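# Reading the structure
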Amino acid sequence: MLPFVPKRAFFEPQALEYPVGKKIYDRLTDMGVEIAMTGSHNRVTGIPGKTTGEAFREAKRTLVVGVRKTTDFASCKPSAHYQLPLNTSCPSMCEYCYLATTLGRKPYLRVYVNIDEVLEQAQKYIKEREPEITFFEGAATSDPIPTEYITGVLRQAIEFFGAHEFGRFRFVTKHSSVDSLLDAKHNGHTRFRFSLNAASVITRYEHATPSMEERVEAAGKVAQAGYPVGFIVAPVFYYPQWQEDYRQLFIALDRQLPSHVRKDLSFEFITHRYTTRAKGHITDIFPATTLPMDEEHRKFKYGQFGYGKYVYDKDIMTEMKTAMLNTTVEFFPNAKTEYFV
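This text gives an overview of the structure that appears in the document.

Rules and cut-offs
Residues numbered from 1 in each chain as written. Predicted model: local features only at pLDDT ≥ 70, side-chain atom pairs only at ≥ 80, totals over all residues. Heavy atoms only, no water. Helix = DSSP H or I, 4+ residues; strand = E, 2+ residues; numbered from the N terminus. Buried < 20%, exposed > 50% of the residue type's maximum accessible area, 1.4 Å probe, protein only. Phe/Tyr/Trp six-rings, centres within 6.5 Å; stacked < 30°, edge-to-face > 60°. Lys NZ or Arg CZ within 6 Å of the ring centre and 35° of its normal. Core = buried A, V, L, I, M, F, W, Y, C linked by side-chain atoms within 4.5 Å. Contact = heavy atoms within 4.5 Å. Expected span 1.5 Å × (residues − 1). Arc of directions from axis to C-beta. Pairing = 2+ DSSP bridges.

### What about unusual backbone geometry?
- In this model, E130 is joined to P131 through a cis peptide bond whose omega is 10°.
- By the secondary structure assignment, P131 is in the loop between α4 (115–129) and β9 (134–137).
- Residue P235 is bonded to the preceding A234 through a cis peptide linkage, with omega at -15°.
- Within the secondary structure, P235 is located in strand β13 (residues 229–236).
- Positive phi, close to 55°, is recorded for N187, a residue that is not glycine.
- On the secondary structure map, N187 appears in the loop between β10 (167–173) and β11 (190–196).
- Of note in the backbone geometry, A208 takes a positive phi value of approximately 60° without being a glycine.
- Take A208: it is sitting in the loop between β12 (206–207) and α8 (212–224).
- A residue is classified by how much of its surface remains accessible, and A208, at 35% relative accessible area, is partly exposed.

Here you go:
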């Protein structure tokens with residue numbers, strides 16, 4: 001898959017006072033990207049789009065470079081203690097993505113140039129909890145890989161945590177451009193996770209993303225480089241031949257992952273679910289979507305944040321959980337399954 005190249009970029013003037021901001025500006029200028037200034041990375045105007053779908057697609061090709069004003073980190077339970085704010089959004093256009101709802105009509109990409117200040121705050125959080133380990137999540141509202149070749153901030157974060165005895169880092173990506181991170185001094189302190197799905201699901205719903213084979217190959221490279229590796233298989237869909245399609249995913253992983261990493265693999269499984277609000281937003285952006293969102297075939301369930309969502313009914317969930325966990329044990333008996341929801 002070709003690298004992400006923004007169609008346009010907006011800079012906060014203050015971002016150019018930081019070395020990372022100047023580096024990004026020079027790189028985008030060399031690439032011929034149209035650049036304009038903006039008063040705030042939170043309120044960007046000038047992204048075209050007459051319809052919701054047009055605005056969405058144009059936003060996905062827009063990069064905004066700014067300074068993160070607050071260095072306080074949001075919590076990220078249960079997977080980590082804190083979010084590490086490196087960037088927001090991603091260029092992929094997955095039809096089911098929750099960020100299409102939470103980031104509004106124009107989910108443009110944002111990168112933050114004050115990486116040193118962000119890592120200084122991470123150091124404070126680590127110090128407060130010593131000698132306990134403090135975990136940070138780098139992809140709670142983003143995919144940090146597509147813009148890494150422009151910014152370099154992900155590598156800087158990886159090497160920061162590699163040097164800290166009581167700090168650990170984790171992030172997840174759907175993308176395969178990992179070569180610049182293979183020789184990073186991670187010291188085993190960063191868990192490099194990949195968001196995977198059946199090949200047919202990726203083709204149907206995960207637009208502007210690498211194929212299943214590309215992601216699995218990238219995972220093999222990362223594992224060979226000594227990173228602890230994890231996988232989020234999400235969302236898992238129930239349809240005819242679903243078990244065989246997901247089995248092929250595990251067969252592909254089995255071919256790529258070296259034996260010495262298999263004692264420290266992690267898996268996370270999330271079945272497809274949606275809210276009424278998300279359904280409305282999805283059908284605005286993708287009016288021809290074939291996502292299975294028929295309420296008659298779902299169960300309504302209230303979530304931990306007080307709103308309801310439509311999930312598979314109990315019998316289907318039991319069937320899916322049993323099949324996926326059995327497949328995981330078959331191919332990777334020493335792996336840890338963190339959850340199935």
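Now that the structure is up, let's keep going.
### Focus on the packing of aromatic side chains
- Taken as a whole and judged by the stated rule, the model has 29 aromatic pairs.
- Aromatic pair Y82 and Y125: ring centres 4.0 Å apart, planes at 25°, arrangement stacked. Note that Y82 is positioned in strand β5 (residues 80–83) and Y125 in helix α4, a separation of 43 residues in sequence. The same class applies to Y82 and to Y125, which are both buried.
- Cation over ring: R204 sits above Y239, and NZ or CZ is 5.6 Å from the ring centre.
- If you follow R298 out to its NZ or CZ, it ends over the ring of Y312, 3.9 Å from the centre.

### With respect to the nonpolar core
- One finds L84, F136, F169, F231, Y246 and F267 to be the most contacted residues of the largest nonpolar core, which totals 98 residues.
- Setting aside chain neighbours within four positions, we find F169 in contact with L84, L86, F136, E137, G138, L154, A157, I158, F161, H189, T190 and R191.
- Formed by 6 residues, the second largest nonpolar core is a distinct cluster that contains F10, I47, A59 and Y108.

### So, helix α1 (residues 19–31)
- Counted at 1.5 Å a residue, the expected span for α1 with its 13 residues is 18 Å, and the 18 Å between its end C-alpha atoms agrees.
- Those residues of α1 lying buried are V20, G21, I24 and L28. The buried residues of α1 all sit within an arc of 100° when viewed along its axis, so they share a single face. Of the exposed residues in α1, those oriented more than 90 degrees away from the buried face are P19 and D30.
- Looking one or two places after α1, you find G32, whose phi comes out positive at around 80°.

### Thoughts on the pairing of β5
- Sheet topology places strand β4 (residues 75–76) next to β5; 2 bridges connect them, and they run antiparallel. If you follow C76 over to β5, its bridge partner there is A80.
- Connecting the antiparallel pair β4 and β5 is a turn made up of 3 residues.
- Summarising the sheet, β5 and β9 pair through 2 bridges and their orientation is parallel. Pairing of Q83 across the sheet is with E137, part of β9.

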